[in-house]
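Observations on the three-dimensional arrangement
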Amino acid sequence: MIRKLLRKVFTRQAPPAAPEPALIPVDQHGIRREQLSPAARKVCSVLQEHGYKAFVVGGAVRDLLIGHPPKDYDVATSATPEEVRALFRRARIIGRRFKIVHVMSGPETIEVSTFRALQDAESAETDEHGRVLRDNVYGSQAEDATRRDFTVNALYYDPGTETIVDYHHGVADVQQKTLRMIGDPRTRYREDPVRMLRAVRLGAKLGLSIDPAARGPIREMASLLENVPAARLFDEMLKLLLSGYAVKCLRQLREEGLHHGLLPLLDVILEQPMGERFVWLSLENTDERVRQDKPVSPGFLFATLLWHEVLANWETKKRAGEHAQPALFQAMDDVLDAQAGKLAITRRIVGDIKDIWALQPRFDKRSGKMPYRLIEQPRYRAGWDFLRLRAHSGEIPLDVPEWWDRFAHAGHDERDALLRDAPQAEAPAKKRRRRRRKPGGADSAALPAEAS
Ligand code: ATP
Ligand code: MG
């Protein structure tokens, strides 16, 4: 610590060599300003009119070059966050340690960040493994480029001139379909191990192959991911699972040795013999929905990924003589707790996951009033989608979700008939409470005692 400080004071780190950027004109890269979102163009032009540098940067430029529609837009500028905020009516500064500005324009939010200096392991505050803890010093545009992870992510597009400023041969790398690390890959992984996951995700999503120099060290450095805060890992896993290329990403993670023993979730996904078909089916489904721009619920996704863990745990508890219902809830908690240490699933998502799981045993009860109550549940649809996936994976018969679908959409008489003909689930071993029936209920007569 003291040595580091002395070195900093007396030998003033030479700033990283600022490479001369290539200025690549539109006829060589083909991105027209009209392809950008209106908000991204507006933010850049307002900043430039006030004398600041401003570029669209990062994923959006890369995606446009590759021919993917950008997910969102980031702008990098020489203006400080306060200066940015002063120029836009709907803008707010977020982040305390490193401030960025969210500028809202119409339905869009543009993330505007001030050029940052490269904070390497020598000059920055790090943990004992070399992970950089703070990355919050403003710098020049060249430094800002050098601190980014991959060359294809360090491209600056100026909507005014339609030129790309390219410090690290990113345009050539896009053309060669290569994901290349800026700087020494080992050092960059040590500074931030999440870059290993980003390499896999971006490679899979964009069809880029990871440059051997960046790919090589991943296997041996994988364990550094253990030191990354659980909330950050969760964000990254969520991005990976919702990228539209989850199946490809996870296969690649397995290939790179990035799953084993690192994230309990990945172990579960990739190494569970029982639920394998279910999990891959669920991931394929998710990928398809993302690519069709349909909404995807993270709660639903995590519920599928962990379901067979819950089932196995639940079975064990039931075999040990516990009652079904409390055993299920205990199993749910056990499985979620096992994840929590490394992967901080947010509380809201945990709530969604539990709702979906807790509905599943209720689909066994196709008699009495229970089915009427179930289809009125706000989470019925998610629960039914989950049920259908279980059926498609072979866990339960296909006619179960079919029955429920018919029941949910049937009229009064047809529902009565469906209830009459429904196969009954085996009665659970525990004692059942008899519930008082409302007189005259639609199904009050001639039905077996309902399970509750
Ligand atoms: P996508 O948005 O498609 O997930 P992205 O590359 O835009 O991909 P973001 O997380 O939005 O990813 O980051 C925006 C930019 O910030 C990146 O393009 C990259 O230049 C830089 N960046 C992000 N994460 C890191 C990191 N861990 N290390 C260095 N630079 C990073
Ligand atoms: Mg992005």
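As annotated in an unreviewed UniProt entry, the chain carries the name Poly(A) polymerase I and comes from Azoarcus sp.. Taken directly from UniProt, the Catalytic activity (unreviewed entry) text for the chain runs: "RNA(n) + ATP = RNA(n)-3'-adenine ribonucleotide + diphosphate". Listed in UniProt under the heading Function (unreviewed entry), the comment for the chain reads: "Adds poly(A) tail to the 3' end of many RNAs, which usually targets these RNAs for decay. Plays a significant role in the global control of gene expression, through influencing the rate of transcript degradation, and in the general RNA quality control."

1. Side note on the packing of aromatic side chains
All told, the structure shown has 14 aromatic pairs when counted by the stated rule. Consider the rings of Phe278 and Phe386, whose centres lie 5.7 Å apart with planes at 75°: the pair is edge-to-face. Here the residue Phe278 occupies a position in helix α15 (residues 276-291), and Phe386 occupies one in helix α20 (residues 380-392), the gap between them amounting to 108 residues. Here the two residues Phe278 and Phe386 agree in accessibility, since each one is buried. Aromatic pair Phe300 and Phe386: ring centres 5.9 Å apart, planes at 85°, arrangement edge-to-face.

2. With respect to the site of ligand 1
The immediate surroundings of ligand 1 are formed by 16 residues, with Arg62, Asp192, Arg195, Arg201 and Lys239 found nearest. Residue Lys205 places a side-chain N or O atom 3.1 Å away from an oxygen atom belonging to ligand 1. When residues of the shell around ligand 1 are traced back to their parent elements, those giving at least two are α4 (59-66), α9 (194-206) and α12 (230-241). Residues of the shell around ligand 1, tallied by class, amount to no nonpolar, 3 polar and 13 charged.

Conventions and cut-offs
Sequence order sets the numbering: in each chain, residues are counted from 1 along the sequence as written. Written order decides the labels, with chains lettered from A and ligands numbered from 1. This being a predicted model, a pLDDT of at least 70 is required before a residue's local features are given, and a value of 80 or more before pairs of side-chain atoms are given or counted; all residues contribute to the totals for chains, interfaces and linings. As a convention, hydrogens and water are excluded, and side-chain values are obtained from all of the structure's heavy atoms. UniProt positions are given in the numbering used here, feature names are shortened, and annotations may be inferred rather than shown by experiment. For Phe, Tyr and Trp, rings pair up if their centres lie within 6.5 Å, where Trp contributes its six-membered ring, and each pair is then called stacked (planes under 30 degrees apart), edge-to-face (over 60) or tilted (otherwise). Under the scheme used here, helices are H or I runs from DSSP no shorter than 4 residues and strands are E runs no shorter than 2 residues, and both carry numbers assigned from the N terminus. Throughout this description, buried means an accessible area under 20% of the type-specific maximum (1.4 Å probe, protein chains only), exposed means over 50%, and partly exposed covers the range between. Residues are labelled near a given molecule or strand when at least one of their non-hydrogen atoms is within 4 Å of it. Here a polar contact means two N or O atoms within 3.5 Å. Within protein one must be a hydrogen donor candidate and the other an acceptor candidate, and residues neighboring in sequence count only if both atoms are side-chain atoms. Gly is placed with the polar residues, together with every amino acid not listed as nonpolar (Ala, Val, Leu, Ile, Met, Phe, Trp, Tyr, Cys and Pro) or charged (Asp, Glu, Lys and Arg).

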